[in-house]
Amino acid sequence: MAITIYTNEDIKPGAIAGQRIAIIGYGSQGRAHAQNLRDSGHDVVAGVRHGGTGWKHATEDGIPTAEPAEAVKGADIIAILTPDMIQGEVYRDVIEPNAKQGSALLFAHGFSIIYERIKPREDMDVILVAPKGPGDLVRREFQRGRGVPSLFAIEKDVTGKARDRAMGYAKGNGGATGGLLETTFREETETDLFGEQAVLCGGAKELVMQGFNTLVEAGYQPEIAYFECLHELKLIVDLFYEGGISKMHHFIS
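Our subject in this report is the structure included herewith. (Residues numbered from 1 in each chain as written. Predicted model: local features only at pLDDT ≥ 70, side-chain atom pairs only at ≥ 80, totals over all residues. Heavy atoms only, no water.)

**Some points on the overall build of the chain**
To be explicit about the condition: Think of it this way: any DSSP run of H or I at least four residues long counts as a helix, any run of E at least two long counts as a strand, and we number them from the N terminus. With a 1.4 Å probe rolled over the protein chains alone, any residue whose accessible area is under 20% of its type maximum counts as buried; one over 50% counts as exposed, and the rest are partly exposed. We call two residues in contact when some of their heavy atoms are within 4.5 Å.
Secondary structure summary: the chain contains ten helices and nine strands in total. In terms of overall dimensions, the chain has C-alpha extents of about 65 × 45 × 35 Å along its principal axes. When each of the 253 residues of the chain is scored for burial, the buried share is 44%. Sequence separation of 24 or more characterises 63% of the internal contacts of the chain that already satisfy a separation of 6 or more.

The following block contains the structure:
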């Protein structure tokens, strides 16, 4: 069955018009989302501790700031973009007691929901928008007018607006420009964990290290081993990205 790839034209105009978005966590993803959504004309506030690193970066970026609890109080969409290991605490102490009725809790990764680190209030929509790239790339591609492809999912639709909220947020972040695919929280979580651990940060890293060490231990110059095992890998991956495995096969000698 062919999967539907949604673009900007598929998203209801004004899907999240007039809705305030609180970005909780101003790291790699949070910083990119906040700036992209702001540049798309949305009402964004960064929930950050006054004087902290996030507050400093948000101020530099021209993003309005508030203490996390205050940012949550007026928000229609609350994007929890802190590291997974502290999301349960952030939800319990900051979001649950302060979020208004009918607001949406938005994640960029489904870990906290799938593994029940967070059990959202019954009145809240629960949605996911997951760009398939690091925050710096999400911002750079948005600025180039291209956008990073993104996934979206609806875990709970209490208000009847959850789908519009997820797709509207994704559009504002550049995800529908890059191409938007629908998934589930479980599929996103499990494929993301597998990809990171078995392929990207696990397998690829080990392949590079083992290949480099094999050549060096056999007496070849480390500089030559570096070019063969890491530098050229980047070029091959660029070909994958641009045109798939077929393009890579076409261009290699």
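**A closer look at the side chain of Glu188**
What counts here: In this tally Asp and Glu are treated as negative and Lys and Arg as positive; neither His nor the chain ends contributes. By convention in these notes, a salt bridge is any Lys or Arg side-chain nitrogen within 4 Å of a carboxyl oxygen on Asp or Glu.
Of note, Glu188 is situated in helix 9 (residues 185-217). It is Lys132 that comes nearest to the buried, bridge-free Glu188 among opposite-charge side chains, at 4.8 Å. Sequence-distant contacts of Glu188, that is, excluding residues within four places in its chain, are made with Ala108, His109, Gly110, Leu128, Ala130, Leu151 and Thr183.

**Some words on the sheet that holds strand 9 (residues 180-182)**
To summarise the sheet geometry, strands pair through backbone hydrogen bonds and adopt either a parallel or an antiparallel arrangement. As a reminder of what qualifies: At least two bridges found by DSSP between two strands is the condition for calling them paired. Working convention: axes come from line fits to C-alpha atoms, limited for helices to the stretch in contact. Angles between N-to-C directions cover 0 to 180 degrees.
Spatially, nine strands are ordered 1-9-8-7-6-5-2-3-4 in an open sheet, and the strand pairing comes out mixed. The outermost strands of the open sheet, each flanked by one partner alone, are strand 1 (5-6) and strand 4 (65-66). Bridge analysis of strand 3 (residues 43-47) against strand 4 gives two bridges, and the strand direction is parallel. Bridged to Gly47 within strand 4 is Ala66. Across the face of the sheet, helix 4 (residues 84-95) comes into contact with strand 2 (20-24), strand 5 (77-80) and strand 6 (104-107) while running at roughly 150° to strand 5.

**What to know about the packing of aromatic side chains**
This is how the line gets drawn: Here a Phe, Tyr or Trp ring, Trp counted by its six-membered ring, pairs with any other such ring whose centre lies within 6.5 Å, and the pair is stacked when the planes are under 30 degrees apart, edge-to-face when over 60, and tilted otherwise.
If you walk through the whole model with that rule in mind, you get four aromatic pairs. Measuring from centroid to centroid gives 4.9 Å for Phe111 and Tyr115, while their planes differ by 50°, and the two rings are tilted. Taken together, a centroid distance of 5.5 Å and an interplanar angle of 75° make the contact between Tyr226 and Phe227 edge-to-face.

**A look at the nonpolar core**
Worth spelling out the cut-off: We define a nonpolar core as any set of buried Ala, Val, Leu, Ile, Met, Phe, Trp, Tyr and Cys residues linked to one another through side-chain atoms lying within 4.5 Å.
Counting residues in hydrophobic clusters, the biggest one holds 30 residues, and the most contacted among them are Ile23 and Tyr169. Among the elements of the structure, strand 2, helix 1 (28-39), strand 3, strand 5, strand 6, strand 7 (125-131) and helix 7 (162-172) are those that each provide at least two residues to this core. Broken down by element, this core gets its largest block of residues, five residues, from helix 7. The next biggest cluster of nonpolar side chains, apart from the first, holds 25 residues, and it includes Val90, Ile113, Ile114 and Ile118.

**Regarding helix 10 (residues 222-251)**
Counted only if it meets this: To estimate how far a helix should extend, the number of its residues minus one is multiplied by 1.5 Å. One fitted axis covers the seven residues ending at a residue, a second covers the seven starting there, and the bend at that residue is the angle between these axes.
Spanning 30 residues, helix 10 covers only 26 Å between terminal C-alpha atoms, well under the ideal 44 Å at 1.5 Å per step. The largest bend in helix 10 comes to about 125°, at Gly243. For helix 10, the full list of buried residues reads Ala225, Cys229, Leu239 and Met248. Contacts from the buried residues of helix 10 go to helix 9.

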